[in-house]
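Examining the three-dimensional arrangement
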Amino acid sequence: MLGSPLGFDDYFKDNKFLQDKFIASLELPTYNIFVHYQFLDVLDALSFRLMVMDHLNNLEESMRKMHEESLRPTKAVAEPDGGNLIAKGGQ
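The rules behind the values
- Residues numbered from 1 in each chain as written.
- Predicted model: local features only at pLDDT ≥ 70, side-chain atom pairs only at ≥ 80, totals over all residues.
- Heavy atoms only, no water.
- Helix = DSSP H or I, 4+ residues; strand = E, 2+ residues; numbered from the N terminus.
- Buried < 20%, exposed > 50% of the residue type's maximum accessible area, 1.4 Å probe, protein only.
- Salt bridge = Lys/Arg side-chain N within 4 Å of Asp/Glu carboxyl O.
- pLDDT = per-residue confidence, 0-100.
- Arc of directions from axis to C-beta.
- Polar contact = N/O pair within 3.5 Å; in protein donor to acceptor, adjacent residues only side chain to side chain.

A separate point is unusual backbone geometry. In the Ramachandran plot, Glu-27 falls in the positive-phi region, its phi being about 55° despite a non-glycine side chain. The phi dihedral of Asn-32 is positive, around 55°, even though this residue is not glycine. With respect to the helices and strands, the residue Asn-32 is situated in the loop between helix 1 (16-25) and helix 2 (39-71). Residue class for Asn-32 comes out exposed when judged on its relative accessible area of 55%.

Structure follows, in structure tokens:
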């Protein structure tokens with residue numbers, strides 16, 4: 001069995017229903033009266049799925065960082081030319 005991230009993780013190991021559901025979600029073309037798959041079709045679908053998951057994880061990480069930065073307290077500092085106070089983030 002092909003393991004994570006391209007295949008099934010341990011959660012799917014002994015669950016035929018989940019395996020079938022996962023394969024159906026890939027929307028693979030079938031051959032020979034819906035019983036065979038082409039290896040290249042499977043590889044293409046799995047690698048596309050992995051790219052999408054990676055992209056979503058990167059977006060989630062950048063959103064989390066932006067949120068953390070927005071929660072940092074700001075510190076008011078005086079400008080040397082006129083004494084106007086401006087907010088400086090993250091200092």
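So, on to the pattern of salt bridges. Per the stated rule, a full pass over the model turns up three salt bridges. In this structure, Asp-20 engages Lys-16 in a salt bridge whose closest nitrogen and oxygen atoms are separated by 3.0 Å. With Asp-20 and Lys-16 both in helix 1 and four residues apart, the pair spans about one turn of that helix. Assessed through its relative accessible area of 38%, Asp-20 is described here as partly exposed. For Lys-16, a relative accessible area of 54% translates into the label exposed. Notably, a salt bridge pairs Glu-68 with Arg-64, separated by 2.4 Å at the nearest N-O pair. With Glu-68 and Arg-64 both in helix 2 and four residues apart, this pair spans about one turn of that helix. Salt bridges sharing common partners tie together Glu-61, Arg-64 and Glu-68.

The subject of this paragraph is the confidence of the model for the protein. Overall, the prediction assigns the protein a mean pLDDT of 79, with 73% of residues at 70 or greater. Mean pLDDT across the secondary structure elements of the protein bottoms out at strand 2 (residues 85-89), with 57, and peaks at helix 2, with 90.

Turning our attention to helix 1. Every buried residue of helix 1 is listed here: Leu-18, Gln-19 and Phe-22. Each buried residue of helix 1 sits inside an arc of 100° when the element is viewed along its axis, so together they form one side. Turned more than 90 degrees from where helix 1 packs its buried face, Lys-16, Phe-17, Lys-21 and Ala-24 sit exposed. The backbone nitrogen of Phe-17 lies 3.2 Å from a side-chain oxygen of the residue at the head of helix 1, namely Asn-15. Looking one or two residues beyond helix 1, the residue adopting positive phi is Glu-27, at roughly 55°.

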